[in-house]
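Observations on the three-dimensional arrangement
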Amino acid sequence: MTKKSILLLTGIATFYFNNTYAQEAPQDSTRTASIEQIVITGNSGPKKKIESSTAISTFTAKEIQKQNPISAAALLQRVPGFAVETSGGEVGNNLFARGIPSAGAYEFVQVQEDGLPVFEDGALQFANADNFFRVDNSVSRLEALRGGSGSIFATNSPGGLINFITKEGGNDFKGTAKLETSTYGLMRTDVNVGGALIQDKLFFNVGGFYRTDDGIRKTGFKANQGGQIRMNLKYVFDKGYAKVYYKKLDDRNTFFLPIPLVQNGNDLKEFSGFDANYGTYSYRNISQLNIPQAGGGFFSRNLEDGIHPKVDVLGAEFKYDLGNNFSVLNKTRYTNIDMNYTGIFPAGGPKTTAEFALANGIAGNTFQYSSVSSGAVINPAYVQELGFWAIDKQMNNFVNDLQFNYKFDKGNVTAGFYKSNWKSHQYWNWSNILTTASDRPELLNLVDTSLSPTSTGYSKTYNGVTDMSFLVRDSQIQGSLNDLYLNLDYNITDNLSFNGGIRYSRDFYKGYGVNTTTGNLNNSGLTTDGTHGFDTTTADDNMSVLGNKYTYWNFDVNRVSFTTALNYKINRENAVYARFSNGFRSPNEEAYYNNMNDLSAIKPVTTNQVEVGYKYYSRTFDVAVIPFYSTLKNLSFTDVFSDGTSENKFANTTNMGVELEGYARLFNNLLEVAFNGTIQSPKYKDFTGRNADGSTFNYDDNTVRRMPKFYFNISPAVNITKEWRTYVSMNYYGKRFQDEKNTQTLPSFSEVGAGMSYQLGKIRFAVDGTNIFNTIGITEGDPRAGSPTGDGIIMARPIMGAAVRGSITLDF
């Protein structure tokens, strides 16, 4: 959709709402005053936000509704200290907390639902935590904590905790229903209802959504389709409560990866034949894969299935007052996940037809390209090799968190035992295909016309496949976590409070990898086209074959994490705090796999963080200014490259920065302004060694890759009348480097959104536009391509193009 048509649609909607529904109605809810907010995440119990010595951001259901985020990652962009990449689509996005580098995912934060992890490790290979969570109307609020006490109240979370708290029923029957559509074929329905089955005793809540859309980037098929349902039942008795709940998620989403662009310094332009805002290699014309295997049988895959998790969650929560100021709280959950993951991962950038032919052994002009679908000979300017990556994962997690709390006159003490058993088994089968370098790619065959069709090596493809099952992997990882923790809150005076916590982790990890050999189909008796044998093509020359040799590994973690803090409440509206924390993150899955023959190379990543903060909360203004300093040791870099090899490097980092968060309600509620921003300087330390080819490197004091030194979001809103609200939102993402060498620059960019809403009684009409100026903003280059070269034709992953969504919500 063009910029002009989007602005026209917005204007028409504004005129319609203003003239059709101009009558008295409740004002669209403004931000809940932070001075009254109670937080529970990273604390031993409910605590006023101004009294919590943590860096924590909160969003109520109403605030989430007003933002109407297109994904969980888009919502988390509103949290300072979190650098979020949203270009992957609805799921599979990356979050970097306080400048901590990683291969992606949610490696140093834990994503939780109601205080327990969505899955114990949020950064397993191809299993980003947001694959298993969706934001819908059953979410009551979000609490996002950075650093601080994260390592005391959860595992592998030195960067922070992201806790989505779900709705529960009350005595009054309440509900909400929402219908949403868009410029990209979206049809979505959200419903949530809750109430009492027995007044004051037994409560229920049921909510969920179903959605289908074509995708902002044009795939030629339904890019996103599926939904989830959540339900809970809570019984309240004199000394506590008992709650049980269930969640079912069955959703598939297209994962978007780098596309070709042309870069000249800070200037980005479209690559010829490729729409930077709406184009993608993930297209219907190349969506089917069906190839024979060296061990027999065929491997089939459908790109249209995308990232497709099937998640079942069953949990319970119990709280009981033991008397004499003692209470017990127990949370338990079982999660089972069966996920098929299929994505198109570019294997480098576009090449001219001659370049690609030469790289595949055809010198001179004896190469010939043809369309797989029609057989017609074609001669495109550029061709593209693409990885057709298929991953199957079976995962489960049983977790129990038991804690005892004792309250006394000056504070409280919490002691707990956290137990988690989890397992993930995965199977990979990766092939490479050859296509035109365009945003509606067509499969290509390549042959050497200097040879006859019966000659060995005549064809470099098999129905468009250049490398058949070149990487097959079968591996498993298990974790058994046994953690004891203790937290003390003590009020030294009425205004000065102390917090201290300690966690002892005795965790055990083990797993295996199946060794592979190479094979081909030359003697299989199969043919490539009904006539010629597989000796006439090179596509099967390096097929991966699973063997019967297993490499088993074990790794134990024996660590103590701790934190200490002081919070001084200057008055009802002002507070300052200071905190020191020490935490760790266990090695990630790829680090285990890369070093399973010798685990001495890997260690837990250890962190030290110092933060101080000033908070001011009033009915009119919220202000939080939080300087921080952090160090990390033993950080592993484990990107998987397009040829199937993995980066295997280790480094230390430092970061100094400041997080800013503010909100203002001005001119008798006419104007609201929300702001968050981060200024930081993440650097590598002790980052020297040898590359895989034997060459040496020294990246000391280089800027950490993919980390902006400055990024912010500002969102002013105008309450034009009691009913009508309009807003503009701008995300600014500063300049970054794609690689550790700081060779390729990722230019800064600004993404602007806008929207409006109109409240007619209990009905809310809304229009929300994203990237309304069609900015080309790249969040990452191509981390799977190895060392980038800088300017020219690059591979990068841009944000989505302009889109508009319209919704109607009924509260009842």
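To start, this report covers the structure provided alongside it. (Residues numbered from 1 in each chain as written. Predicted model: local features only at pLDDT ≥ 70, side-chain atom pairs only at ≥ 80, totals over all residues. Heavy atoms only, no water.)

Attention now moves to the packing of aromatic side chains. A complete count under the given rule lists 44 aromatic pairs for this structure. Joined through ring pairs, the aromatic side chains of F126, F255, Y341, F345, W389, W428 and W430 make up one cluster. The ring centre of Y418 lies 5.2 Å from the NZ or CZ of R503, which sits over that ring. (Phe/Tyr/Trp six-rings, centres within 6.5 Å; stacked < 30°, edge-to-face > 60°. Lys NZ or Arg CZ within 6 Å of the ring centre and 35° of its normal.)

Next up on the list: the environment of T620. Turning to its location among the elements, T620 is positioned in the loop between strand 33 (605-617) and strand 34 (621-637). Spatially, the C-alpha atoms of T620 and N669 are 8.8 Å apart, while their sequence positions differ by 49 residues. Residues in contact with T620, not counting those within four places in the same chain, are Y663, A664, R665 and L666. (Helix = DSSP H or I, 4+ residues; strand = E, 2+ residues; numbered from the N terminus. Contact = heavy atoms within 4.5 Å.)

So, on to the nonpolar core. Ranked by size, the top nonpolar core spans 65 residues in total, and within it F82, L95, Y106, I162, F164 and W430 carry the most contacts. Element by element, the count of residues in this core is highest for strand 29 (residues 465-491), at 5 residues. Contacts of F164, omitting those with residues within four sequence positions, involve L75, V111, Q112, E113, D114, F133, V135, V139, R141 and L142. Judged by nonpolar contacts, the second largest core, of 24 residues, contains Y281, I286, A437 and V465. (Core = buried A, V, L, I, M, F, W, Y, C linked by side-chain atoms within 4.5 Å. Buried < 20%, exposed > 50% of the residue type's maximum accessible area, 1.4 Å probe, protein only.)

Turning next to a nonpolar patch on the surface. Taken together, the side chains of F417, L484, L486, I502, Y504, V560 and F562 present a nonpolar region at the surface, about 570 Å² in accessible area. Elements supplying a minimum of two residues to the nonpolar patch: strand 29, strand 30 (496-519) and strand 31 (543-569). Among the secondary structure elements, I502 is positioned in strand 30. (Patch = residues over 30% accessible without salt bridge, like charges linked within 9 Å, V, L, I, M, F, W, Y side chains within 5 Å. Areas by Shrake-Rupley, 256 points an atom, 1.4 Å probe, with all protein chains shown as cover. Salt bridge = Lys/Arg side-chain N within 4 Å of Asp/Glu carboxyl O.)

Okay, the pattern of salt bridges next. Should the charged atoms of two oppositely charged side chains come close, the side chains can pair. Tallying each qualifying case throughout the model produces 33 salt bridges. With a closest N to O distance of 3.1 Å, R146 and E659 form a salt bridge. Taken together, the residues span a long stretch of sequence, with R146 in strand 10 (residues 139-146) and E659 in strand 35 (residues 649-666) at a distance of 513 residues. Residue class for E659 comes out buried when judged on its relative accessible area of 1%. Overlapping salt bridges, with partners in common, bring together E90, R134, R211, D213 and D251 in one network.

Read these as geometric descriptors, not functional statements.
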